[in-house]
Amino acid sequence: MRAVVYEAFQERPAVTAVPDPSPRPDAVVIRVGASGVCRSDWHGWMGHDPDIRLPHVPGHELAGEVVAVGRDVSRWRAGDRVTLPFVCGCGACRECAAGEQQVCDHQFQPGFTHWGSFAEYVAIHAADGNLVRVPAAMDFVTAASLGCRFATSFRALVHQAELRSGEWIAVHGCGGVGLSAILIARALGASVVAVDIDEAKLRMAAALGASVALNARDIPDLVRAVKDHTGGGAHVSIDALGHPTTCFNSVQCLRKRGRHVQVGLLLAGERHPPIPMDAVIAGELRILGSHGMQAHAYPEMLRMIESGALEPGRLVGRRVTLDESVDALVSMGEFAGVGVTVVDRFG
Ligand SMILES: [Zn+2]
Ligand SMILES: [Zn+2]
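Just so it is clear, the model here is predicted, and its values are computed rather than measured. (Residues numbered from 1 in each chain as written. Chains lettered and ligands numbered in written order. Predicted model: local features only at pLDDT ≥ 70, side-chain atom pairs only at ≥ 80, totals over all residues. Heavy atoms only, no water.)

Undergrad: Mind showing me how you'd approach the side chain of H43 here?
TA: Along the chain, the position of H43 falls in helix 1 (residues 39–46). On the basis of relative accessibility, which here comes to 12%, the residue H43 falls in the buried class. At 2.8 Å, the side chain of H43 and the side chain of H48 are in polar contact. Non-local contacts of H43, meaning those with residues more than four positions away in its chain, are made with H48, D49 and L267. (Helix = DSSP H or I, 4+ residues; strand = E, 2+ residues; numbered from the N terminus. Buried < 20%, exposed > 50% of the residue type's maximum accessible area, 1.4 Å probe, protein only. Polar contact = N/O pair within 3.5 Å; in protein donor to acceptor, adjacent residues only side chain to side chain. Contact = heavy atoms within 4.5 Å.)

Undergrad: I would appreciate a short explanation of the coordination of the zinc ion (ligand 1) in the present structure.
TA: Six octahedral donors around a metal ideally sit at 90 or 180 degrees from one another, while four tetrahedral donors ideally sit at 109.5 degrees. Donor atoms from the polypeptide that bind the zinc ion (ligand 1) are C38 (SG), H60 (NE2), E61 (OE) and C148 (SG), placed at 2.0 to 2.3 Å. What the 4 donor atoms of the zinc ion (ligand 1) show is an angle range of 95 to 121° at the metal, which sorts the shape as tetrahedral. (Donors = N, O, S within 2.8 Å, 3.2 Å for Na, K, Ca; no water. Tetrahedral: all angles 85-135°; square planar, octahedral: opposite > 155°, others 65-115°.)

Undergrad: Sorry if this is basic, but what is going on with the sheet that holds strand 12 (residues 254–262) here?
TA: Picture the strands of a sheet paired through backbone hydrogen bonds; they go either parallel or antiparallel. Judged by pairing direction, the sheet is parallel, and its 6 strands sit side by side in the order 10-9-8-11-12-13 without closing on themselves. In this open sheet, the two strands that pair with only one neighbour each are strand 10 (212–215) and strand 13 (286–289). The mean inter-strand angle of the sheet, taken between neighbouring strand axes irrespective of direction, is 20°. Judged from the 4 bridges that link them, strand 12 and strand 13 form a sheet pairing that is parallel. When the bridges of strand 13 are listed, V261 appears paired with L288. Relative to the sheet, helix 6 (residues 176–188) contacts strand 8 (168–172), strand 9 (191–196) and strand 11 (234–239), its axis offset from that of strand 9 by approximately 170°. The strands that helix 8 (residues 222–229) touches are strand 8, strand 9, strand 10 and strand 12; relative to strand 10, the one it contacts most, it runs at about 170°. (Pairing = 2+ DSSP bridges. Axes fitted to C-alpha atoms, helices over the stretch in contact; angles between N-to-C directions.)

Undergrad: Before we go on, may I ask you to explain the packing of helix 5 (residues 146–160) against helix 6 in this structure?
TA: For any two helices packed against each other, one specifies the crossing angle of their axes together with the interaxial distance. Interhelical geometry of helix 5 versus helix 6 gives an angle of 50° and a closest axis separation of 8 Å. Taken together, the axis directions place helix 5 and helix 6 in an arrangement best described as oblique. The two elements helix 5 and helix 6 cross, and the hand of that crossing is right-handed. Counted together, R149, F150, S153, F154, L157 and V158 of helix 5 and G176, V177, S180, A181, L183, I184, A185 and L188 of helix 6 form the full contact between these two elements. Its residues assigned to classes, the contact of helix 5 with helix 6 comprises 10 nonpolar, 3 polar and 1 charged. (Parallel < 35°, antiparallel > 145°, perpendicular 65-115°, else oblique. Left-handed = near helix turned anticlockwise from the far one by under 90°. Nonpolar A, V, L, I, M, F, W, Y, C, P; charged D, E, K, R; others polar.)

Undergrad: Just checking my understanding: could you explain the side chain of Q109 for this structure?
TA: Locating Q109 in the fold gives a position in the loop between helix 2 (94–97) and strand 6 (121–124). Those residues in contact with Q109 that sit more than four places away from it in its chain are F86, V87, H114 and H291.

Undergrad: Even after reading the chapter, I still don't get the pattern of salt bridges, so can you show me in this structure?
TA: Charged atoms that come close allow side chains of opposite charge to pair. In total, this model carries 13 salt bridges according to the counting rule given. The closest approach of N and O atoms between D26 and R24, which form a salt bridge, is 2.7 Å. One salt-bridge network, in which partners are shared between bridges, spans R164, E167 and R259. (Salt bridge = Lys/Arg side-chain N within 4 Å of Asp/Glu carboxyl O.)

Undergrad: Would you mind showing me how to read the coordination of the zinc ion (ligand 2) here?
TA: Bound to the zinc ion (ligand 2) are the protein donor atoms C90 (SG), C93 (SG), C96 (SG) and C104 (SG), situated 2.3 to 2.4 Å from the metal. Taken together, the 4 donor atoms coordinating the zinc ion (ligand 2) span angles of 101 to 119° at the metal, a pattern that classifies the geometry as tetrahedral. Ordering the donors of the zinc ion (ligand 2) by residue number gives the pattern C-x2-C-x2-C-x7-C. Taken together, the residues C93 in the loop between strand 5 (81–83) and helix 2 and C104 in the loop between helix 2 and strand 6 connect sequence positions 11 residues apart. Assessed through its relative accessible area of 4%, C104 is described here as buried.

Following this line, the structure appears as C-alpha cells:
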C-alpha cells in the first residue's frame, strides 16, 4: 500500500510503498476513506510524542470501510462503514471495564502508538470496543472530521464542563478544537466569546456563531475584556490551543464557580504551565481535563448531527491527496489555514 512514512523526526516524510497490514485476532483492517490532518500529527512528527517508534505513519482522524476482520472480532464484518476515536481502549483494563476508554491504561492510538491512517489501509486493535458505525447519510470526510477535535470538544463541553443553555463560554484558540467548541456550544444554547490572534480564524468563529471575537494581539488586558463581555466572567472556558498563555487566560477569565477545560495539548517544555491557583481557590473554580471520547458515547453526538443541530461539515476546509498531505502536515506548525484539512484520495 501507499503510506506517508517518516524515518526521522523533523525530516520531510515521503509517500512510500509499504506492506499491507493484516489483522491480528482482535483487530480489523480498514480501507481508509478519509483522514484528517491535525496539529497532533505535527507534534508527533516534531518528536514531541514519546509513544512514536520510527519509522512511522501518522494519521488518527479516520473513517473508512472494513476490509478484513480478525477471528475474535464479533461485532464487525467486511463492508461496514466505520470511524473511531483517536484514543482507543485495550478492552481489558480497569478503565475500559468502567467505560472510560478515553483514559485506558494501555491505549491504542493509530498514528501514535501504532501506524496510522495517512495510508491506504490501517489496522485497528480491540475493534469490537473501539469502532463506531458511520450513519448511512454521512460521508467519510465528515466522519473523519469527528474523530479527534470534534469528539474531544463534544466530550469537553457536554460531559466534562456540562455547559448549559444560557451560559457564556470563552474559547481560547480557534483551530479545529476551538471552532468545533463554538458549533457545539451554539447547539447547546450557550453564548461564545472567541479568542485568537488570527483575523481569518476570528471571522470563521463569528460566522459559526460566536457573539464576540477578540484578537488577543490587539487587546492589552484580554482577561478584563472577556469578563466585560460576559457580565463578570465566563461560566465555562476552554483552552483549545494548548499554550501556557491560553491556559492561564482560560482559568483567569472565569466567573466564580466557573469550569476550565484543558483540551489543547501542552507538550515538550510546556507540560507544566503556570495556573492562577489564587483565583482557583478564591472563586472555587473547577479545572477539568478532556482526552478524546469513548466510542460508546458517539451515538448522542451522531444523533445531534443527523438531526441537523450540529453541522461538523462546516469545519472542513481543504481536501487533499495523500501526496499533498505531506505539505499539509509539515506546515501545521505555522497555524496555516482555517478549518480542517482532510485527505480523501489515497491511490
Ligand atoms: Zn487530531
Ligand atoms: Zn483499557
